Amino acid sequence: MCVTAVESRPGGTSQAFKALGEGALGASQSPVHRPFGARVKAFVALTKPRIIELLLITTVPVMFLAQQGVPDLTLVLLTCVGGYLSAGGANALNMYIDRDIDALMDRTSQRPLVTGMVSPVECLVFGITLAVVSTLLFGLTVNWLSAWLSLGALLFYVVVYTMILKRRTSQNIVWGGIAGCMPVLIGWSAVTNSLSWAPVVLFMVIFFWTPPHYWPLSMKVKDDYARVGVPMLPVIASNKVVARQIVVYSWVMVAVSLLLTPLGYTGWFYTAVALAAGGWWLWEAHALQNRAKAEVTGVKLKEMRLFHWSITYVSLLFVAIAVDPFLR
């Protein structure tokens, strides 16, 4: 699930150009230069495991909320495995489609297709296989509602975001982030074989969380995106405009996160955590906006403070969702 959290580790552009020049996008390296252990790590890297950690953080707690206690642990395991395989397949297909620009961006220059550790054909087959296996696993061991939601998330991320939106509009991450909202629906449906207002509210929380989570990173690496012609908002708008949008989305996100309690799904503990974590988020968002208004640039802009806090925020919020049923 494609929750849209991303790795921020830089690579090296010079290495990327070298790999591209040596035909890393099309030709396979000699097996001598592709040892088995490194190949295994490369295929794991295709799934973007660090991103999937966040997807699972938004899936499992919702299962506790749906159960109002501890869900069947076998069901949790199957849902996590299915979710990992589905999101991993989507990420692999994303790398297959974006292999041309990945080779030219610092942040992605060490991905397996760029280095040649995995060939494009292998990546394509790997991604499709994971998509099929994950859908069948969900359908046969969890339920078919969860299977179709999972497949829908995968197709949305690959087709709508990666193939259609990413290179055409600055709203790419806004609407493309819908794929990353799906795990909350999947977690709920895995337990109940139905949907309800609670997962819809959490879907909206992640929807409004995604842009202010991703735009700070985009501000830091906007030269990368500009180089390859991807119109992320920070590429085509000033830092002041981006920061203002971050603040707007942040306020809506915090407001939506507080809807669970009046709707009767959560109690005092979740509310307290949502208020505290949301308050700190808004403090950081406004601080970034103030620095942008003052035309601060470079390291003093400190845009990555909000990026890193955004991960902590969503983790705290969903841990509170899991714990809250036991304190009511």
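Quick caveat: nothing in here was measured; it's all calculated off a predicted structure.

Enquirer: When you look at the overall build of the protein chain in this model, what are you seeing that I'm missing?
Expert: For the protein chain, the count of helices and strands is 16 helices and zero strands. Taking all 328 residues of the protein chain together, the buried fraction comes to 56%. The long-range share in the protein chain, meaning contacts at least 24 apart out of those at least 6 apart in sequence, stands at 79%. Carbon and sulfur atoms make up 68% of the accessible area of the protein chain, which amounts to about 13,600 Å² in all.

Enquirer: What exactly am I supposed to notice about the environment of A90 here?
Expert: Considering the arrangement of structural elements, one finds A90 in helix α4 (residues 73–97). The exposure class of A90 is buried, given its relative accessible area of 0%.

Enquirer: How do you make sense of the packing of helix α11 (residues 197–220) against helix α14 (residues 239–257) when you look at a structure like this?
Expert: Helix packing geometry: the angle between the two helix axes and the distance between the axes. Where α11 meets α14, the closest approach of the two axes is 9 Å, and the angle between their N-to-C directions is 155 degrees. Considered as vectors, α11 and α14 are oriented roughly antiparallel to each other. Handedness of the crossing formed by α11 with α14: left-handed. Residues V201, M204, V205, F208, W209, P211, P212, W215, P216 and M219 of α11 form the contact with α14, whose participating residues are N239, V242, Q245, I246, Y249, S250, V252, M253, V256 and S257. Partitioned by chemical class, the residues of the contact of α11 with α14 number 16 nonpolar, four polar and no charged.

Enquirer: Even after reading the chapter, I still don't get the pattern of salt bridges, so can you show me in this structure?
Expert: It is possible for side chains bearing opposite charge to pair when their charged atoms get close. Evaluation of the coordinates by the stated rule reveals eight salt bridges. D98 serves as the salt-bridge partner of R167, at 3.0 Å between the closest nitrogen and oxygen. On the criterion of sequence distance, the pair formed by R167 in the loop between α8 (144–165) and α9 (172–176) and D98 in the loop between α4 and α5 (99–102) is long-range, its members being 69 residues apart. With relative accessibility at 32%, the residue R167 sits in the partly exposed group. Between R111 and D102 there is a salt bridge, with its nearest N and O atoms 3.2 Å apart.

Enquirer: Just to check I follow, could you spell out the environment of P183 for this structure?
Expert: As for its position among the elements, P183 is in helix α10 (residues 178–192). Judged by its relative accessible area of 2%, P183 is buried.

Enquirer: What am I meant to see in the environment of V228 here?
Expert: By secondary structure assignment, the location of V228 is in helix α12 (residues 222–228). When near neighbours in sequence (up to four residues on either side) are disregarded, V228 contacts I101, L104 and M105.

Enquirer: When you look at the packing of helix α3 (residues 49–67) against α4 in this model, what are you seeing that I'm missing?
Expert: It is the contact of α3 with α4, at a shortest axis distance of 10 Å, that shows an interaxial angle of 145 degrees. When the axes of α3 and α4 are compared, the crossing they make is right-handed. Counting all contacts with α3, which are made through P49, I52, L55, L56, T59, V60 and M63, the residues of α4 involved are L75, V76, T79, C80, Y84, A87, G88 and N91. Counted by class, the contact of α3 with α4 contains 11 nonpolar, four polar and no charged residues.

Enquirer: Help me out: how do you make sense of the packing of aromatic side chains in this one?
Expert: Each pair of aromatic rings is reported with the distance of its centres and the angle of its planes. Within the structure shown, the criterion is met by 12 aromatic pairs. Judged by centre distance (5.2 Å) and plane angle (65 degrees), the ring pair of F43 and F126 falls under edge-to-face. On the criterion of sequence distance, the pair formed by F43 in helix α2 (residues 36–46) and F126 in helix α7 (residues 120–142) is long-range, its members being 83 residues apart. Here the aromatic residues W175, F207, F208, W215 and Y249 are joined through ring pairs into a cluster of three or more. Between R99 and the ring centre of Y96, over which it is positioned, the NZ or CZ distance is 4.3 Å.

Enquirer: Would you mind showing me how to read the layout of surface pockets here?
Expert: Here the second largest pocket is characterised by a volume of approximately 230 Å³. For the second largest pocket, the full set of lining residues is M219, K220, K222, D223, N239, T297, G298, V299, L301, K302, E303 and M304. Broken down by class, the residue content of the lining of the second largest pocket amounts to four nonpolar, three polar and five charged.

Enquirer: Would you mind showing me how to read unusual backbone geometry here?
Expert: The phi angle of most residues is negative, glycine excepted, and most peptide bonds adopt the trans form. Positioned with a positive phi, Q68 is a non-glycine residue whose angle comes to about 55 degrees. Summarising the element assignment, Q68 is placed in the loop between α3 and α4. The exposure class of Q68 is partly exposed, given its relative accessible area of 41%. A positive phi angle is found at E295, which is not glycine, with a value near 60 degrees. Along the polypeptide, E295 turns up in the loop between α15 (268–293) and α16 (303–323). On the basis of relative accessible area, E295 is assigned to the exposed category, the value being 58%.

Enquirer: Honestly, the side chain of S189 in this entry has me stumped. Any pointers?
Expert: Mapped onto the fold, S189 is located in helix α10. Excluding residues within four positions of it along the chain, S189 makes contact with N143, L145, S146, L149, S194 and L195.

Enquirer: Help me understand the confidence of the model for the protein chain, please; the structure alone is not making it clear to me.
Expert: Parts of the prediction with low pLDDT should not have their coordinates interpreted in detail. Taken over all residues, the pLDDT of the protein chain has a mean of 90, while the share at 70 or more is 90%. Segment residues 1–32: pLDDT under 50, and 87 contacts once partners within four positions in sequence are set aside and those in other chains are kept.

Each value, and the rule that gives it
- Residues numbered from 1 in each chain as written.
- Predicted model: local features only at pLDDT ≥ 70, side-chain atom pairs only at ≥ 80, totals over all residues.
- Heavy atoms only, no water.
- Helix = DSSP H or I, 4+ residues; strand = E, 2+ residues; numbered from the N terminus.
- Buried < 20%, exposed > 50% of the residue type's maximum accessible area, 1.4 Å probe, protein only.
- Contact = heavy atoms within 4.5 Å.
- Areas by Shrake-Rupley, 256 points an atom, 1.4 Å probe, with all protein chains shown as cover.
- Axes fitted to C-alpha atoms, helices over the stretch in contact; angles between N-to-C directions.
- Parallel < 35°, antiparallel > 145°, perpendicular 65-115°, else oblique.
- Left-handed = near helix turned anticlockwise from the far one by under 90°.
- Nonpolar A, V, L, I, M, F, W, Y, C, P; charged D, E, K, R; others polar.
- Salt bridge = Lys/Arg side-chain N within 4 Å of Asp/Glu carboxyl O.
- Phe/Tyr/Trp six-rings, centres within 6.5 Å; stacked < 30°, edge-to-face > 60°.
- Lys NZ or Arg CZ within 6 Å of the ring centre and 35° of its normal.
- 1 Å grid on protein atoms, 1.4 Å probe; cavity = no way out; pocket = protein on both sides within 12 Å on 5 of 7 lines; lining within 4 Å.
- Points joined across faces, edges and corners; volume = space filled by probe spheres on them.
- pLDDT = per-residue confidence, 0-100.

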